[in-house]
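# Residue-level structure breakdown
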Amino acid sequence: MADKLAKYRSKRDASRTPEPVPQASPEPRRGDAFVIQEHHARSLHWDLRLERDGVLASWAVPKGLPDDPGTNHLAVHTEDHPMEYLDFHGEIPKGEYGGGTMTIWDRGTYETEKWSDREVKIILHGARASGRFVLFQTNGKNWMIHRMDPPARDPMPDLSPMLPAERTRPPRDVAAYAFEFAWGGRRLLVPVEGGRTAAAREHPWLRPLAESFGSRTVLLDGEIATLSGAEVLVFYDLLYDDGHSLVDQPYETRRAALEALGLSSARWQTAPSWPGQAEPVQQAAREQHLPGVIAKRLDSPYEPGESAAWLFIPA
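Bear in mind that the values here come from a model prediction, so they are computed numbers and not experimental data.

What follows is about the overall build of the chain. Each helix and strand in the chain was counted, giving four helices and 19 strands. By principal-axis analysis of the C-alpha atoms, the chain measures approximately 80 × 40 × 30 Å. Looking at the chain residue by residue over its 315 residues, the buried ones come to 46%. Residue pairs in contact within the chain that sit at least 24 positions apart in sequence constitute 60% of those at least 6 positions apart. Surface exposure of the chain reaches about 15700 Å², of which carbon and sulfur atoms provide 49%. Across the chain, the mean location of the 37 positive side-chain charges is 4 Å away from that of the 45 negative side-chain charges.

The following block contains the structure:
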């Protein structure tokens, strides 16, 4: 009987990697465990591993499991892994095969509906991954993964930015508004899915931002401003968060969810916001030679296009 872990061992040196490298051939056994590992290697991906005949049949899924039956994701069939990999997480040294950080994203049990050399139908029962999926081989060597269940999440909204109406003075009921700087930059909606963002095509420096979200899917609103001579992406709204649209939620709720993300680095940051403080923020905008301030009603939903719920007041 062929050793199912021979290929796995050939790619690893047990003295150089913390990964499990068992020397004995795997014993055939029946089991129903699965694990999904988030793997920050040369490129971010997720490794789906299914217990089968004493080993873990494995696929690398660059964009993670699909949420929508209308979208298939690439699934690269890789070598079988040892059962010990069900619990493995840690740092694979740089320069080694698969070098990078690996964490356990989810694990649980699964049911097999079909298993052949070209098609695997399963039902996952995990804390984060659940439902019916099929892995199938295309005409070439590639595999794809397809979700067979109906969508389990809200679709990411496709919308244009909400724009402020211009006023000469702050609103009278200042307690109903949050006041923020008008940065004078270029508006940018940033969708992040599967650790990637389309915004990185024009701004490659946003790739680390997208990777930092892992499998979390978000839609952020902000603008690219020039601060101290450098381009910085300033975020001030969150429109979608991990399967839930926030567009109909009040601004106060969206703002709290945005702040909870803790977005802060040399190239991106969360814009400061001051509820009920019109005059101090306007004065600070003047001192910093900014165009003005934006007053945002705390109870306002996100309304694409110009809206009286957001007001631009020149400095």
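Moving on, we come to the sheet that holds strand β18 (residues 292–297). Strand order in the open sheet made by the five strands is β10-β19-β18-β11-β17, with mixed pairing throughout. Only two strands of the sheet have a single neighbouring strand rather than two, namely β10 (162–166) and β17 (274–275). One ladder, built from two bridges, connects strand β11 (residues 177–182) with β17; its direction is antiparallel. Considered in β17, the bridge of Phe179 is made with Trp274. Contacting β11, β17, β18 and β19 (305–314), helix α4 (residues 278–287) crosses the sheet at an angle of about 0° to β11.

Side chains three or four residues apart in an α-helix point the same way, a direct result of the helix having 3.6 residues per turn. Within α4 the residues assigned to the buried category are Ala278, Val281, Gln282, Ala284 and Ala285. Along the axis of α4, the buried residues cluster in a sector spanning 160°; they form a single face. Structural note: α4 exposes Glu279 and Glu287 on the side pointing more than 90 degrees away from its buried face. Looking at the packing, one finds that the buried side of α4 touches β11, β17, β18 and β19.

Taken together, the buried positions of helix α3 (residues 251–260) are occupied by Tyr251, Arg254, Arg255 and Leu258. Down the axis, α3 shows its buried residues gathered within 100° of arc, on one side only. Just beyond α3, the residue with positive phi is Gly262, at close to 65°.

Counted under the stated rule, the structure contains nine aromatic pairs. Consider the rings of Phe181 and Trp183, whose centres lie 5.7 Å apart with planes at 90°: the pair is edge-to-face. As far as the burial class goes, Phe181 and Trp183 line up, both buried. Taking the centre distance of 6.0 Å and the plane angle of 90° together, the rings of Tyr302 and Trp310 count as edge-to-face. Ring-pair connections join several aromatic residues into one group, and the members of that group are Tyr8, Tyr85 and Phe88. Just above the ring of Trp205 sits the side chain of Arg267; from NZ or CZ to the centre is 4.0 Å.

Scanning the model with the defined rule gives 23 salt bridges in all. In this structure, Arg153 and Asp67 form a salt bridge, with 2.9 Å as the shortest nitrogen-oxygen distance. Taken as a pair, Arg153 in the loop between β9 (143–147) and β10 and Asp67 in the loop between β3 (55–61) and β4 (73–81) lie far apart in primary sequence, 86 residues in all. With a shortest N-O distance of 2.9 Å, Asp87 and Arg107 are connected by a salt bridge. Here Arg107 lies in strand β6 (residues 100–115) and Asp87 lies in the loop between β4 and β5 (90–92), a separation of 20 residues in the sequence. Each of the salt bridges in this network shares a partner with another, and the network as a whole consists of Lys11, Arg12, Glu19 and Glu79.

Cut-offs applied
- Residues numbered from 1 in each chain as written.
- Predicted model: local features only at pLDDT ≥ 70, side-chain atom pairs only at ≥ 80, totals over all residues.
- Heavy atoms only, no water.
- Helix = DSSP H or I, 4+ residues; strand = E, 2+ residues; numbered from the N terminus.
- Buried < 20%, exposed > 50% of the residue type's maximum accessible area, 1.4 Å probe, protein only.
- Contact = heavy atoms within 4.5 Å.
- Areas by Shrake-Rupley, 256 points an atom, 1.4 Å probe, with all protein chains shown as cover.
- Lys, Arg positive; Asp, Glu negative; His and termini not counted.
- Charge placed at Lys NZ, Arg CZ, Asp CG, Glu CD.
- Pairing = 2+ DSSP bridges.
- Axes fitted to C-alpha atoms, helices over the stretch in contact; angles between N-to-C directions.
- Arc of directions from axis to C-beta.
- Phe/Tyr/Trp six-rings, centres within 6.5 Å; stacked < 30°, edge-to-face > 60°.
- Lys NZ or Arg CZ within 6 Å of the ring centre and 35° of its normal.
- Salt bridge = Lys/Arg side-chain N within 4 Å of Asp/Glu carboxyl O.

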